[in-house]
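# Secondary and tertiary structure notes
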Amino acid sequence: GATIQLENLSKRYHGSALPAVDSVNMEIGAGELVVFVGPSGCGKSTLLKMINRLIEPTSGRIRIGGEDVTRIDPVKLRRKVGYAIQASGLFPHMTVGDNIGLVPKMIGWSKTKVKDRVEEMLDLVGLDPKEFHGRYPRQLSGGQQQRVGVARALAADPPVLLMDEPFGAVDPITRDHLQDELIRLQRELHKTIVFVTHDFDEAVKLGDRIVVLREQSHIAQFDTPEAILTN
Ligand code: ADP
Ligand code: ADP
């Protein structure tokens with residue numbers, strides 16, 4: 001994994017009176033799994049999008065592994081950071097296999113290696129590769145689309161994972177399995193994971209530490225689940 005440092009990070013969207021994210025300072029350790037919880041609209045998605053450079057901060061700085069993200073080459077950033085979102089973000093005109101293989105292909109993996117990896121990732125999220133690799137996103141249920149989104153985020157084996165309510169539409173049994181897989185990936189492969197959820201039980205199950213956010217991403221608490229539960 002790699003450390004993630006947020007320094008005085010702020011974002012005010014065009015035309016908004018108040019910042020969505022206001023002066024956030026935070027350090028997430030290498031190999032740590034940190035969960036963000038907080039009310040809808042408190043800026044959780046905005047934070048993740050800034051870390052992944054999908055949107056630019058209004059001010060402040062983000063470092064991944066000590067490196068300023070604005071200095072990281074975009075392709076290198078795709079290799080470093082896997083990103084999974086609630087809406088799955090799959091490209092509708094591409095098959096499941098091509099969606100999952102996108103980043104590995106982009107960073108120059110061989111055809112065979114990409115094909116094997118796509119199968120491995122589909123197995124990991126509990127979808128039969130033979131049945132699913134050639135399908136289009138519209139031919140999947142919402143939960144299956146999310147699982148493909150997770151497979152895509154993991155495909156290039158990035159040291160950092162950003163996950164924005166990635167299991168929201170997934171059925172409870174599969175969700176439980178995916179939560180366990182995520183914990184395993186962190187323990188065995190030492191990935192740094194930032195995980196956003198509404199679900200406090202999920203936060204307690206997954207998090208080494210939990211960040212409780214208020215409006216404008218003001219940090220109310222940043223502590224272990226045990227400490228938060230006893231406060
Ligand atoms: P969360 O993920 O915690 O629900 P968001 O990061 O999506 O919160 O949103 C934080 C705030 O920024 C909200 O008030 C939301 O309405 C606003 N916001 C999000 N995206 C945009 C945008 N593209 N333009 C303007 N305002 C936005
Ligand atoms: P755009 O912002 O124009 O959609 P991007 O290349 O930033 O283009 O993202 C395209 C898609 O790739 C998005 O749907 C997003 O969900 C996904 N994506 C973004 N970052 C990553 C990443 N680091 N790893 C895997 N998929 C990503």
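These notes cover the structure that comes with them. What you are looking at is a predicted structure, and each value in this text was computed from that prediction instead of being measured.

Our next topic: the side chain of T95. Of note, T95 is situated in the loop between β6 (81-85) and α3 (96-106). Side-chain polar atoms of T95 contact the backbone nitrogen of D98, separated by 3.1 Å. The contact partners of T95, leaving out residues within four places of it in the chain, are H133, G134, R135 and Y136.

Strand pairing in a sheet takes place through backbone hydrogen bonds and is either antiparallel or parallel in direction. Pairing is antiparallel in the open sheet, where 4 strands are placed in the order β2-β1-β4-β5. The sheet terminates laterally at β2 (21-28) and β5 (67-68), the two strands that pair on one side only. Relative to strand β4 (residues 59-64), strand β1 (residues 4-11) runs antiparallel, the two being bridged by 5 bridges. The residue bridging L6 from the neighbouring strand is I62, located in β4. Packing of helix α1 (residues 44-51) onto the sheet brings it into contact with β1, β2 and β4, and relative to β1 it is tilted by some 120°.

Before going further, it helps to spend a moment on the packing of helix α4 (residues 111-124) against helix α6 (residues 142-155). Between α4 and α6, the least distance of the axes is 9 Å, while the angle of their chain directions is 135°. Taken together, the axis directions place α4 and α6 in an arrangement best described as oblique. For the pair α4 and α6, the crossing hand works out as right-handed. Here α4 contributes R117, M121 and L124 to the contact with α6, which in turn contributes A151, L154 and A155.

Turning our attention to the site of ligand 1. In the vicinity of ligand 1, the residues found are Y13, A20, P39, S40, G41, C42, G43, K44, S45 and T46. Take C42: an N or O atom from its main chain is 3.2 Å from an oxygen atom of ligand 1. Between ligand 1 and T46 there is a distance of 2.5 Å, counted from an oxygen atom to a side-chain nitrogen or oxygen. Here ligand 1 loses 56% of its free accessible area of 560 Å² to cover by the protein chains.

Around ligand 2, a shell composed of N52, L54, R78, V81, G82, Y83, G89, F91, V103 and R152 is seen. Contact between ligand 2 and V81: a nitrogen atom at 2.3 Å from a main-chain N or O atom of the residue. Interatomic distance of 3.1 Å between a backbone N/O atom of G89 and an oxygen atom of ligand 2. Ranked by the residues each element gives to the shell around ligand 2, the list is headed by β6, at 3 residues. Each residue belonging to the shell around ligand 2 can be placed in one class, and the counts come to 5 nonpolar, 3 polar and 2 charged.

Thresholds applied
- Residues numbered from 1 in each chain as written.
- Chains lettered and ligands numbered in written order.
- Predicted model: local features only at pLDDT ≥ 70, side-chain atom pairs only at ≥ 80, totals over all residues.
- Heavy atoms only, no water.
- Helix = DSSP H or I, 4+ residues; strand = E, 2+ residues; numbered from the N terminus.
- Polar contact = N/O pair within 3.5 Å; in protein donor to acceptor, adjacent residues only side chain to side chain.
- Contact = heavy atoms within 4.5 Å.
- Pairing = 2+ DSSP bridges.
- Axes fitted to C-alpha atoms, helices over the stretch in contact; angles between N-to-C directions.
- Parallel < 35°, antiparallel > 145°, perpendicular 65-115°, else oblique.
- Left-handed = near helix turned anticlockwise from the far one by under 90°.
- Near = heavy atom within 4 Å.
- Areas by Shrake-Rupley, 256 points an atom, 1.4 Å probe, with all protein chains shown as cover.
- Nonpolar A, V, L, I, M, F, W, Y, C, P; charged D, E, K, R; others polar.

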